[in-house]
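Tertiary structure, described
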Amino acid sequence: ESNSFVTDFVSSLSVDTQTLQNQIDELSTFSDTPAPSVTRILYSEKDVLARRYIKNLMGLAGLSVREDAVGNIFGTWTGDEPELPPVATGSHIDAIPYSGKYDGVIGVLGAIEAINVLKRSGFKPKRSLEVIMFTSEEPTRFGISCLGSRLLAGSETLANNLMSTVDGQNTSFLDAARSAGYANNLDDLSSVFLKKGSYSAFIELHIEQGPILEEEGTSIGVVTAIAAPASIKIDFEGNGGHAGAVLMPNRNDAGLAAAELALAVEKHVVESGSIDTVGTVGILELHPGAINSIPSRSHLEIDTRDIDEKRRNIVIEKIHQSATTIANNRRVRLSEFKIINQDPPALSDKLIIEATEAASKELNLTHKKMISRAYHDSLFMARGSPMGMIFIPCYKGYSHKPEEFSSSQDIANGVKVLALTLAKLSLY
Ligand code: GLV
Ligand code: MN
Ligand code: MN
Ligand code: MN
């Protein structure tokens, strides 16, 4: 392979930045809350419209499109050796309430554009290239993150649980999936499972969701590991009562138990002594939710993560101990302590890291290795195939809020690195 071949190929890669930006803007209009916020919940009307939009773009890119029983969408560009395991790339387009338009989206629209870039350059893949749009990376509707990729990774537990899972409105997962055109005529969800080794590589393009690349003026982050996420649901129950009539010594206030536990979560996280340990009480609900009624029930949902799994597990154990102690001291009942997920971290594959670094170098883009503190479908794709991720800068590291932003230039850089990395991995 001569140097001028590489130089010619690299300089032939051109991203249609304007079209890609228009697609990002258009996709953001499929939302249940006003711009600039985006809210796109699994199997909602807007999600179904957004899915149609993605499938249409995959078709226009010449990909053959198929969907599985939960709506993971696959678009394939058949390579010269289609019997080899393909190289896959992709991300998600669901959006948590009042979030932004880049999280996940650039890894789907950007992947389709990366295919277009390679096609325009005249590239012929050896291994097939596949773009995947994962179902419900976000836990918003059914409380479980990375629903689609967890199933692809073969989670029997999730497949079984989903047969009886309901959302906050008591709509079952299966009814919701059917209303979106999925999950028809099935006895179980095992058809979604992928065999190990189904892909020779999986690589995901994503905004950093942190401030490092922008602060340092670095174009590309090459992810080496994804931190280990966990989530917990907790309920306290007390007797409630009249806010005027029940005197303080006679109360068992479920709301105060929740408040105390929320502060305990912060304490246990900080006690780990590592900046890498984080914990968040993102949901705290009081029942009946009236100003003059002592909360008789409280519900908390806690997210905690660490790059070190053991340290993260210690935090979970301490949260459990605190919940028990607080319940005893306040004479409320700890009626639920449920660990929803307690996932290990994932390491990127050495060859994919090297391919991404080489691609960045050949494109004259500054790059650095970094960890992902956010989780991604890549965390689960890593269970069945070698995994890698490409990060691009985003404004002030903002994410999961409407101010989320990445420049067209940064997105185009990411798409180019993705395209070149896919090309390399396809030829391995
Ligand atoms: C993904 O959305 C995450 O919460 O890390
Ligand atoms: Mn997200
Ligand atoms: Mn995401
Ligand atoms: Mn509950």
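Above: the structure in question.
Here's a quick rundown of the structure. Since the model is a prediction, treat every value here as computed from it, not as a measurement.

Remarks on helix H13 (residues 408–427)
When the terminal C-alpha atoms of H13 are compared, their 29 Å separation across 20 residues agrees well with the 28 Å that a helix rising 1.5 Å per residue should span. Counting buried positions along H13 yields 16 of 20 residues, so the element is predominantly enclosed.

Here's the deal with helix H3 (residues 45–60)
Under the 1.5 Å per step criterion, the end-to-end length of H3 is 23 Å for 16 residues, consistent within 8% with the ideal 22 Å. Those residues of H3 that are buried are in contact with helix H2 (17–28), strand S1 (38–40), strand S2 (64–67), strand S3 (73–77), helix H4 (105–120) and strand S6 (129–134). Gly-62, located one to two residues past H3, shows a positive phi value of around 85°.

Some remarks on the sheet that holds strand S11 (residues 297–306)
If you walk across this open sheet you meet the four strands as S10-S11-S9-S12, and the pairing is antiparallel. In this open sheet, the two edge strands, each paired with only one partner strand, are strand S10 (278–287) and strand S12 (333–342). In this sheet, neighbouring strand axes are inclined to one another by 15° on average, regardless of whether the strands run parallel or antiparallel. Here nine bridges tie S10 to S11, and the two strands are oriented antiparallel to one another. Along S11, the bridge assignment pairs Val-281 with Ile-302.

Examining the packing of helix H11 (residues 350–362) against H13
Following both chains from N to C, one finds H11 and H13 inclined at 130°, their axes separated by 9 Å at the closest point. Accordingly, the angle class assigned to the pair H11 and H13 is oblique. Of the two elements, H11 crosses H13, and the hand of that crossing is right-handed. Residue-level inspection shows Ile-352, Ala-355, Thr-356, Ala-359, Ser-360 and Glu-362 of H11 in contact with H13, the latter providing Val-417, Leu-420, Thr-421, Lys-424 and Leu-425. Partitioning the contact of H11 with H13 into residue classes produces six nonpolar, three polar and two charged.

So, how was this worked out
- Residues numbered from 1 in each chain as written.
- Chains lettered and ligands numbered in written order.
- Predicted model: local features only at pLDDT ≥ 70, side-chain atom pairs only at ≥ 80, totals over all residues.
- Helix = DSSP H or I, 4+ residues; strand = E, 2+ residues; numbered from the N terminus.
- Expected span 1.5 Å × (residues − 1).
- Buried ≥ 20, exposed ≤ 12 C-beta atoms within 10 Å, placed from the backbone.
- Contact = placed C-beta atoms within 7 Å.
- Pairing = 2+ DSSP bridges.
- Axes fitted to C-alpha atoms, helices over the stretch in contact; angles between N-to-C directions.
- Parallel < 35°, antiparallel > 145°, perpendicular 65-115°, else oblique.
- Left-handed = near helix turned anticlockwise from the far one by under 90°.
- Nonpolar A, V, L, I, M, F, W, Y, C, P; charged D, E, K, R; others polar.

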